[in-house]
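# Observations on chain architecture
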Amino acid sequence: MTAEAWSPVLLGLRLRGRRVVAVGGGAVTARRVTDLLAEGALVEVVAPELCPGLAALAEAGQIRWTARRYAGSADLEGAWLVHTATGHPTTDDLVAADAERTRTFCVTAGDGSRGSAQVPARGEVPTPTGTVRVAVHAGGDPRRAAAVRNGLVDQLTSGVVDLRDHRPRGGWVALVGAGPGAEQLLTRRASTLLAAADVVVTDRLVPQAMLARLPGSTRVIDVGKRPQHHPVPQEEINQIIVEEALRGHGVVRLKGGDPYVLGRGGEERAACEAADVPVEVVPGITSAVSVPAAAGIPVTHRGLARGFTVVTGHEELPGLPTGTDHTLVVLMGVAGLRETAARLVAAGRPADCPVGIVENGWTPQQRTTLGTLADIADRAERVGVASPAVVVVGDVVTLAHGWGAEVSVVAPAAPSVAVA
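Conventions adopted
Residues numbered from 1 in each chain as written. Predicted model: local features only at pLDDT ≥ 70, side-chain atom pairs only at ≥ 80, totals over all residues. Heavy atoms only, no water. Buried < 20%, exposed > 50% of the residue type's maximum accessible area, 1.4 Å probe, protein only. Helix = DSSP H or I, 4+ residues; strand = E, 2+ residues; numbered from the N terminus. Pairing = 2+ DSSP bridges. Right-handed = clockwise from strand over helix to strand, strands pointing away. Polar contact = N/O pair within 3.5 Å; in protein donor to acceptor, adjacent residues only side chain to side chain. Contact = heavy atoms within 4.5 Å. Core = buried A, V, L, I, M, F, W, Y, C linked by side-chain atoms within 4.5 Å. Salt bridge = Lys/Arg side-chain N within 4 Å of Asp/Glu carboxyl O. 1 Å grid on protein atoms, 1.4 Å probe; cavity = no way out; pocket = protein on both sides within 12 Å on 5 of 7 lines; lining within 4 Å. Points joined across faces, edges and corners; volume = space filled by probe spheres on them. Nonpolar A, V, L, I, M, F, W, Y, C, P; charged D, E, K, R; others polar. Arc of directions from axis to C-beta. Axes fitted to C-alpha atoms, helices over the stretch in contact; angles between N-to-C directions.

With that settled, consider the pairing of strand S4 (residues 81–84). Along a regular strand, successive side chains alternate from one face of the sheet to the other. Burial along S4 is two-sided: the residues Leu81 and His83 and Val82 and Thr84 are all buried. In this structure, S4 lies alongside strand S5 (residues 105–108), joined through four bridges in parallel fashion. Note that in S5 the partner of valine 82 across the bridge is cysteine 106. Once you follow S4 into helix H3 (residues 89–101) and on to S5, the crossover reads as right-handed.

What follows is the structure, given as structure tokens:
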């Protein structure tokens, strides 16, 4: 049978608890046996010797090993499927011929056209309610099949394909970090879960264009907090997440930055676990590191800073390192900026310690205001600094784009620097 003659019927085989024979003890067989075991097949390997991977499976009792060469159709008795990869075409042809007589489907790894079955290029996209699988046959061309498979998996994990479950199943929750605000910085796992969600509980700092592309029937619940204005208390947010999941919905709690970096993700996870709701945490790129980077400020730099601390501007700042070689990143710190600067100077930081404030990081509205602890509050007031913003204190601020400039640069289509 030639490769061109192949017109396979694409079926999924349920092999759990069923006998499968693998002829050959090399690396190709090892890869296929690993897949078969994952599906619950009862695998017997017929080969005089085993590669280390197969030997370990045999020693662990996960496969049965017949330590000899293939002996004929008797080796296939009771098998639902046989896979042959001996490296010897004559032996592989014999296995295929015996399988044809015993009506056992056969995969011949050396030349797929000689068997009665072929293994496609496969890809998997895990979702909370089951794995979406794709399988590609490409006229006997495995490289083309793999290339097409890769493209399909990329599309499925991009967030543009509706992956929601349309059969009643148990609800689930994913606490997903949306990153610092640029849609391109969202993780693949985050995009996949958004495409699988029935309900998205979101805050105000997530990429809005991404929400606009969700299916029209996906419910978006805005629980965003603003400075001095928390319309939905955290306890109520926890309740919303849990109740939606208990109704059988897939729920993504979408949060700017990372759920576990001053994002109260731990409280939301605990609420889900207390209600026996399955919960997954997907990290995001935290604004504490990424927003300074967008302005050219690394939170550590050889010769300038070996460590950094992330705090919220809502809290007192006792006990922090006072040297300018230790970077301090302050989140939610605009409203209390003047008080924070005064406390840091009082605690021992020099008044000329560099400070940078980065507003709207990773967006076209990004702007950086530069100064020192002595004057940063006045500078921020003059240019109208507002949240969301990240405040960075330490010598690393001298690496910021625009440090040392004497004028403000206004460029609406690109990040700007305010130093006047």
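Past the structure itself, the notes keep going.
It is worth spelling out the side chain of arginine 253 at this point. Considering the arrangement of structural elements, one finds arginine 253 in strand S11 (residues 250–255). Here arginine 253 falls in the buried class, since its relative accessible area comes to 3%. Polar contacts involving the side chain of arginine 253 include one to the main-chain carbonyl oxygen of valine 201, which spans 3.4 Å. Looking at arginine 253, its side chain comes within polar contact range of the side chain of glutamate 268, at 3.1 Å. In this structure arginine 253 touches Ala174, Leu175, Val176, Val201, Thr202, Asp203, Val223, Ile237, Ile241 and Glu268, once residues within four positions along its chain are discounted.

Attention shifts here to the pairing of strand S1 (residues 19–23). Counting buried positions along S1 yields four of five residues, so the element is predominantly enclosed. As judged from the five bridges shared by S1 and strand S2 (residues 42–46), these two strands associate in the parallel manner. Bridge pairing in S2 links arginine 19 to leucine 42. Note on the crossover from S1 through helix H1 (residues 27–38) to S2: the handedness is right-handed. Where S1 lies against S4, four bridges are found, and the strand directions are parallel. Along S4, the bridge assignment pairs alanine 22 with histidine 83.

On to the nonpolar core. Grouped together as the largest cluster of nonpolar side chains are 24 residues, with contacts concentrated most on Trp172, Val176, Leu193, Leu194, Val200, Val252 and Leu254. Breaking this core down by element, the ones donating at least two residues are helix H4 (142–156), strand S8 (172–177), helix H5 (188–196), helix H6 (208–212) and S11. Once residues within four sequence positions are removed from consideration, valine 252 is found in contact with Trp172, Ala174, Val176, Leu193, Leu194, Ala197, Val199, Val200 and Val201.

Let us look at the pattern of salt bridges. Evaluation of the coordinates by the stated rule reveals 23 salt bridges. Taking the shortest distance from any N to any O, the salt bridge between arginine 68 and aspartate 75 comes out at 2.6 Å. Using a relative accessible area of 33% as the deciding quantity, one classes arginine 68 as partly exposed. Residue arginine 253 pairs with glutamate 268 through a salt bridge whose shortest N-O separation is 3.1 Å. Separated by 15 residues along the polypeptide, arginine 253 in strand S11 and glutamate 268 in helix H8 (residues 265–274) bring together distant segments of the chain.

Considering all chains together, one arrives at one cavity of 30 Å³ or more under this definition. In this structure, the largest cavity occupies an estimated 60 Å³ of space. Val330, Gly333, Leu337, Thr340, Ala341, Leu344, Val355, Leu373, Ile376, Val391 and Val393 together form the lining of the largest cavity. Mapped onto the lining of the largest cavity, the elements with two or more residues apiece are helix H10 (337–347) and strand S17 (389–393). The dominant element in the lining of the largest cavity, judged by the number of residues it contributes, is H10, at four residues. Of the residues in the lining of the largest cavity, the class split is nine nonpolar, two polar and no charged.

This part is about helix H11 (residues 376–383). Along H11, the residues classified as buried are Ile376, Ala377, Arg379 and Ala380. On an axial view of H11, the arc spanned by its buried residues comes to 165°, and they lie on one face. In H11, the exposed positions that point more than 90 degrees away from the buried face belong to Glu381 and Arg382. Looking at the packing, one finds that the buried side of H11 touches H10, strand S15 (354–359) and strand S16 (367–372).

To continue, consider the sheet that holds S11. Across the sheet, which stays open at both edges, the five strands sit in the order S10-S9-S11-S8-S12 with parallel pairing between neighbours. A single partner strand is all that each edge strand has here, and the edge strands are strand S10 (219–222) and strand S12 (279–282). Direction aside, neighbouring strands of the sheet carry axes that sit 20° apart on average. Contacts from H5 reach S8, strand S9 (199–202), S11 and S12, with the element oriented near 140° to S8.

A cis amide bond links serine 387 with the next residue in sequence, proline 388, at an omega value of 0°. As for its placement among the helices and strands, proline 388 is situated in the loop between H11 and S17. Located in the positive-phi region is arginine 264, a residue other than glycine, with phi close to 65°. Looking at the element boundaries, arginine 264 is found in the loop between S11 and H8.

On their own, these measurements won't tell you what the molecule is for.
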